[in-house]
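Descriptive analysis of the structure
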Amino acid sequence: MSSSPISKLTWATMLFPLALVLFEFAVYLGNDLVQPAMLAITRDFNVSSSWAPSSMSFYLLGGGCIAWLMGPLADRIGRKKVLVGGAVFFAITCLLILLTQNIQSFLSLRFLQGMGLTVISAVGYAAIQENFEERSAVKVMAIMGNMTLFAPLLGPIIGAFLIEHVSWHWGFVGIAMLALLGALGLKVAMPKDTPEKLVKQPMSTIWADFKKVFSNQQFLIMTSALPLACLPIMLWIALSPVMLVEYLGLSSTQYGLAQIPVLGALILGSLVLVKIVDRYPLGQTIHFGLPMMLVGAVIIVAGLFLPDYFLYCLIIGMTIMSFGEGMCFSVMYRLAMMSSDISKGTVASAMSMLMMFSYFIVLEGSRILFEIYHLTAFAVCCLVLILLWFTLPRRMLIDILPPLSRCSSGDSKSKCS
């Protein structure tokens, strides 16, 4: 891969992203396959099913706690070393969890496994942004997103199969094998870090860099916008096993099938983004996607007043929200990443910390609310999160992007980018 950003996507230039996707797929399966199995896991450990969402919360917390180190470390010793080492570490923790005897040790290993999320976001994504030109980077991120979205699509189905026919332990064995294959692919396909790309300053300077990043108002607002758009889908992944199986009476197989329209829409939204990203100024697709998410959230809340049709409203609303997120996330990530001129490893680490801690706090808070208010808590949380996006994040987006009306299809990219 050349030192200048890549603008044309070919099989040769996509080998590294594809290797990264394999590891990312394993990391996502580490959540999406495990969450459906959490009801069986809590039974095995003789604890309440209310512990089920904590598996996802601690997974995300582990990513947030190590994020401050991964990006700056990769800036200094090279992204390839950190990515390959992170993939191997993740695989080891997946195998160690097979030895756990109680929910506390299980969640401790989930915390360690969550570090794989930061290796992906703070190191892998930063490498993509550095090596690909702006619009190509958005396309690569969307393509990667499409491929990794098969994890939440297939994970619940595989998880349901494991619960009914085998054991949840085998899920972690499969995830570990995928992670090791990803490590091998990165070792072979990822370009070496050239000396001129490495940061020469000592690690002690990272605090000054983080201070500069966190003092950037645009960075803070655009990064805060990411969890607001992502959390409704993450709440769905965390709580849908309890909602659909325990509260709405679906079987494990029906639960797995219910994920197909919701998570399939996420893939479709990303495909649409890849198709239209060259037709509009970068960022304008957010103006389409977020209003869709708001419509979906309103449909779910409306279902609370139609209890006989709540399941249909829930799935339809989540499907619309997923499609909207698919059109938004890759672009929002790019805008947040490029809002600071500090080294991208540090910026990506700062983003990971904000996002992971936001995920943990909201998921645990929603879990507590769900125990008290049940389905109402889920619906209202989704609506509130999307409405919050229409405050400061939307105003910031309007400030940094030209209005869509000023960028007709006949305008040149130079006028509107």
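Details of the structure are given in the entry above.
Residues numbered from 1 in each chain as written. Predicted model: local features only at pLDDT ≥ 70, side-chain atom pairs only at ≥ 80, totals over all residues. Heavy atoms only, no water.

What follows concerns the overall build of the protein chain. The helix and strand inventory of the protein chain stands at 18 helices and zero strands. In the protein chain, the proportion of contacts linking residues at least 24 apart, taken out of those at least 6 apart, comes to 85%. (Helix = DSSP H or I, 4+ residues; strand = E, 2+ residues; numbered from the N terminus. Contact = heavy atoms within 4.5 Å.)

Below, the discussion takes up the packing of aromatic side chains. Evaluation of the coordinates by the stated rule reveals 10 aromatic pairs. Taking the centre distance of 6.2 Å and the plane angle of 75° together, the rings of phenylalanine 214 and phenylalanine 219 count as edge-to-face. Residue phenylalanine 214 is classed as partly exposed on the basis of its relative accessible area of 28%. Relative to phenylalanine 390, the ring of tryptophan 389 has its centre 5.1 Å away and its plane inclined at 80°; by these criteria the two rings are edge-to-face. Judged by its relative accessible area of 3%, tryptophan 389 falls in the buried class. (Phe/Tyr/Trp six-rings, centres within 6.5 Å; stacked < 30°, edge-to-face > 60°. Buried < 20%, exposed > 50% of the residue type's maximum accessible area, 1.4 Å probe, protein only.)

Before going further, it helps to spend a moment on helix H12 (residues 252-276). Over its 25 residues, H12 extends 37 Å from the first C-alpha to the last, a length consistent with the 36 Å expected when each residue adds 1.5 Å. At isoleucine 260, H12 shows its largest kink, close to 30°, and the proline proline 261 lies no more than four residues downstream. (Expected span 1.5 Å × (residues − 1). Bend = angle between axes of the 7 residues up to and from the residue.)

So, on to helix H9 (residues 169-189). Here H9 spans 31 Å end to end across 21 residues, near enough to the 30 Å set by a 1.5 Å rise per residue. Taken residue by residue, H9 has Gly171, Phe172, Ile175, Ala176, Ala179, Gly182, Ala183 and Leu186 as its buried positions. The buried residues of H9 occupy an angular sector of 135° when projected down its axis, which confines them to one face. Turned more than 90 degrees from where H9 packs its buried face, Trp170, Leu184 and Val188 sit exposed. (Arc of directions from axis to C-beta.)

So, about the pattern of salt bridges. For the structure shown, the criterion picks out two salt bridges. Between glutamate 364 and arginine 367 there is a salt bridge, with its nearest N and O atoms 3.1 Å apart. Of this pair, glutamate 364 and arginine 367 both sit in helix H15 (residues 344-373), three residues apart, which is roughly one turn of that helix. Assigned by exposure class, glutamate 364 and arginine 367 land together as buried. With a shortest N-O distance of 3.0 Å, glutamate 371 and arginine 367 are connected by a salt bridge. (Salt bridge = Lys/Arg side-chain N within 4 Å of Asp/Glu carboxyl O.)

In this section: the nonpolar core. Judged by nonpolar contacts, the single largest core of 123 residues is most densely connected at Phe23, Phe106 and Phe378. The residues contacting phenylalanine 23, other than those within four sequence positions of it, are Leu83, Gly86, Ala87, Phe90, Gly116, Val119, Ile120, Ala179, Gly182 and Leu186. (Core = buried A, V, L, I, M, F, W, Y, C linked by side-chain atoms within 4.5 Å.)

Here we come to the environment of threonine 118. Looking at the element boundaries, threonine 118 is found in helix H6 (residues 115-131). Separated by 47 residues in sequence, threonine 118 and glycine 71 have C-alpha atoms that sit 8.6 Å apart. Not counting chain neighbours up to four residues away, the residues in contact with threonine 118 comprise Gly63, Gly64, Ile66, Ala67, Met70, Val123, Ser352 and Met356.

Attention shifts here to unusual backbone geometry. Here asparagine 46, not a glycine, exhibits a phi torsion of approximately 55°, which is positive. Along the polypeptide, asparagine 46 turns up in the loop between helix H2 (34-44) and helix H3 (52-77). Residue histidine 374 is not a glycine yet carries a positive backbone phi of 60°. Looking at the secondary structure, you find histidine 374 in the loop between H15 and helix H16 (375-389). A relative accessible area of 31% means that histidine 374 is categorised as partly exposed.

A word on the packing of helix H4 (residues 79-96) against H9. At a minimum axis distance of 8 Å, the contact between H4 and H9 shows a crossing angle of 165°. Between H4 and H9, the angle falls in the class roughly antiparallel. The two elements H4 and H9 cross, and the hand of that crossing is left-handed. Contact with H4, carried on its side by Lys80, Leu83, Val84, Ala87, Val88, Phe90, Ala91, Cys94 and Leu95, involves Phe172, Val173, Ile175, Ala176, Ala179, Leu180, Ala183, Leu186 and Lys187 of H9 and no other residues of that element. (Axes fitted to C-alpha atoms, helices over the stretch in contact; angles between N-to-C directions. Parallel < 35°, antiparallel > 145°, perpendicular 65-115°, else oblique. Left-handed = near helix turned anticlockwise from the far one by under 90°.)

This brings us to the packing of helix H11 (residues 217-247) against helix H14 (residues 310-337). Taken N-terminus to C-terminus, the directions of H11 and H14 make an angle of 150°; their axes are 10 Å apart at the nearest point. It follows that H11 is roughly antiparallel to H14 by the angle criterion. In terms of crossing hand, the pair formed by H11 and H14 is left-handed. Packed against H11, whose contacting residues are Phe219, Met222, Thr223, Ala225, Leu226, Ala229, Cys230, Pro232, Ile233, Trp236 and Leu244, the element H14 presents Leu311, Leu314, Met318, Met321, Ser322, Glu325, Phe329, Met332, Tyr333, Leu335 and Ala336 at the interface.

Take it as geometry only, folks, not as evidence of what the structure does.
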